[in-house]
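Structural overview for review
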Amino acid sequence: MTTAQTQELDVQPTPLALLLLGREADPKSERGVECPGDLPSPSDPDLVERARAAKAKLGDKVFVLGHHYQRDEVIQFADVTGDSFKLARDAAARPQAEYIVFCGVHFMAESADILTGDDQKVVLPDLAAGCSMADMATAEQVAECWDVLTEAGIAEQVVPVSYMNSSADIKAFTGKHGGTICTSSNAKRALDWAFEQGEKVLFLPDQHLGRNTAVRDMGMSLEDCVVYNPHKPNGGLTAEELRAAKMILWRGHCSVHGRFSLDSVNQVRERIPGVNVLVHPECRHEVVAAADHVGSTEYIIKTLEAAPAGSKWAIGTELNLVRRLANRFASEDKEIVFLDRTVCFCSTMNRIDLPHLVWALESLAEGTLVNRIEVDKETEAFAKLALERMLALP
């Protein structure tokens, strides 16, 4: 249908349709749009040199952060690497850097903007680099959930705990309602704190991390946990189910870690006798229960660093990192394989490629600010409150 025909029918494209077509942006969503301007060709043989030249021209004015799940072609230009929260804190520790170029996804860049100074500008090389998990909990949905908890008479007993992998709006909601943020490495400490403040926890937005921490690390039962589905009336739960639960888990998950299954674990044990299965706590509960070791991205790296030569490992996390670790430890005779036979990259994380990075760096070097991620002051204040509660955890 042509534009003229559309106008004749008086049909107006919806914001979602424009968003999916790359012609509109939703500031409250992890989804984004294409970069404006002309990107370098991915086949340009000079891309690496162009990135080096632009970075050198910017000097100390730019600080490049690279998440562990980034492509090797991008990670080579990172001044520091790490998980999302470590990188945000690293950015805050570099107040002299005018530009923070975050090679990660949208919520990570938001966190960096929250924690850095007002004079620093956070740049995301591709605005379409979002997070499907973070998108599974919108501010409107969470506000509606709180109304459901209020109607059930339990809101005053509930403390929200939100995973770092959430939007600034959700972090702000958490701060406003007396809750805290957690990472995959300190989730137990955050839940211990939360249960000192109230009788129940609303855990956002990853159900698997919440369930695994509660059951595996804190000794709760699966019956203590219920799943709130924002797409069903009252979350698909009765008031009695909400009152009986200790953990109210948001129905969200990581599209990468959620792919691993119990079959994946059983099959790799058959293929590689004596293999150690090491998985991220965002994996499903049955996968975590069947694994030999469970921990955050930093835990996975440190475990492999300490592993003896000749040991065998199947890793349940994003493929870019697994490949990088396999190459890194090959000389130490450590066999490291991806847990599943199906190749699975984080598709949104992989949107940050070398052409986008070169475009962002060259634009900044020419004095043009592009793709700035900026959190409004009210949201920032409440989100920072939640983050500060996490930093104060024992």
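What you see is a predicted model, and the numbers here were worked out from it, not measured in a lab. (Residues numbered from 1 in each chain as written. Predicted model: local features only at pLDDT ≥ 70, side-chain atom pairs only at ≥ 80, totals over all residues. Heavy atoms only, no water.)

**Concerning the overall build of the chain**
What the chain contains, in helices and strands, is 18 helices and 14 strands. In the chain, which comprises 394 residues, the proportion classed as buried is 55%. In the chain, of all internal contacts separated by at least 6 residues, the share reaching a separation of at least 24 is 68%. Looking at the chain as shown, the accessible area adds up to about 17,300 Å², and 48% of this sits on carbon and sulfur atoms. (Helix = DSSP H or I, 4+ residues; strand = E, 2+ residues; numbered from the N terminus. Buried < 20%, exposed > 50% of the residue type's maximum accessible area, 1.4 Å probe, protein only. Contact = heavy atoms within 4.5 Å. Areas by Shrake-Rupley, 256 points an atom, 1.4 Å probe, with all protein chains shown as cover.)

**Some remarks on the sheet that holds strand 10 (residues 276–279)**
In a beta sheet, neighbouring strands pair by backbone hydrogen bonds and run either parallel or antiparallel. Spatially, 11-10-12-13 is the arrangement adopted by the 4 strands of the open sheet, whose pairing is parallel. Two strands lie at the open edges of the sheet, namely strand 11 (293–294) and strand 13 (335–338), each paired on one side alone. Here strand 12 (residues 312–316) pairs with strand 13 via 4 bridges, running parallel. The partner of Trp-313 across the bridge, within strand 13, is Ile-336. Strands strand 10, strand 11, strand 12 and strand 13 of the sheet are contacted by helix 15 (residues 297–306), whose axis makes an angle of about 155 degrees with strand 10. (Pairing = 2+ DSSP bridges. Axes fitted to C-alpha atoms, helices over the stretch in contact; angles between N-to-C directions.)

**Here we look at the pattern of salt bridges**
Enumeration according to the criterion identifies 15 salt bridges in this entry. Put simply, Glu-362 and Arg-50 hold a salt bridge, and the shortest N to O gap is 2.8 Å. Placement of Glu-362 in helix 17 (residues 354–365) and of Arg-50 in helix 3 (residues 47–58) is noted, with a sequence separation of 312 residues between them. Given a relative accessible area of 27%, Arg-50 falls into the partly exposed group. (Salt bridge = Lys/Arg side-chain N within 4 Å of Asp/Glu carboxyl O.)

**Re the environment of Leu-319**
Position of Leu-319 relative to the elements: it lies in helix 16 (residues 319–329). Each C-alpha atom, one on Leu-319 and one on Tyr-69, is 7.6 Å from the other, the two residues being 250 residues apart in sequence.

**Here we look at the packing of helix 6 (residues 106–115) against helix 18 (residues 377–391)**
Interaxial distance between helix 6 and helix 18 falls to 10 Å at its minimum, and their mutual angle equals 90 degrees. Judged on the interaxial angle alone, helix 18 and helix 6 are roughly perpendicular. Of the residues in helix 18, those in contact with Asp-113, Ile-114 and Leu-115 of helix 6 are Glu-380, Ala-383, Lys-384 and Leu-387. Partitioned by chemical class, the residues of the contact of helix 6 with helix 18 number 4 nonpolar, no polar and 3 charged. (Parallel < 35°, antiparallel > 145°, perpendicular 65-115°, else oblique. Nonpolar A, V, L, I, M, F, W, Y, C, P; charged D, E, K, R; others polar.)

**Considering the packing of aromatic side chains**
On inspection of all chains with the given rule, the structure shows 3 aromatic pairs. Aromatic pair Tyr-228 and Trp-250: ring centres 5.3 Å apart, planes at 25 degrees, arrangement stacked. Placement of Tyr-228 in strand 8 (residues 225–228) and of Trp-250 in strand 9 (residues 247–250) is noted, with a sequence separation of 22 residues between them. The same class applies to Tyr-228 and to Trp-250, which are both buried. Each ring, one from Phe-260 and one from Phe-338, has its centre 5.4 Å from the other, and the planes form 65 degrees; the classification is edge-to-face. Of the two residues, Phe-260 is situated in the loop between strand 9 and helix 13 (262–271) and Phe-338 in strand 13; the sequence distance between them amounts to 78 residues. For Phe-260, a relative accessible area of 1% gives the class buried. For Phe-338, a relative accessible area of 11% puts it in the buried group. One cation-aromatic arrangement involves Lys-176 over Phe-382; the distance from NZ or CZ to the ring centre is 4.9 Å. (Phe/Tyr/Trp six-rings, centres within 6.5 Å; stacked < 30°, edge-to-face > 60°. Lys NZ or Arg CZ within 6 Å of the ring centre and 35° of its normal.)

**Remarks on unusual backbone geometry**
In the segment running from Leu-204 into Pro-205, the intervening peptide bond is cis, with an omega of -20 degrees. Mapped onto the fold, Pro-205 is located in the loop between strand 7 (200–204) and helix 11 (207–217). Even without being a glycine, Asn-234 presents a positive backbone phi close to 55 degrees. Following the sequence through the fold, Asn-234 ends up in the loop between strand 8 and helix 12 (239–244). Positive phi, normally seen in glycine, also occurs at Asp-333, with a value near 60 degrees.

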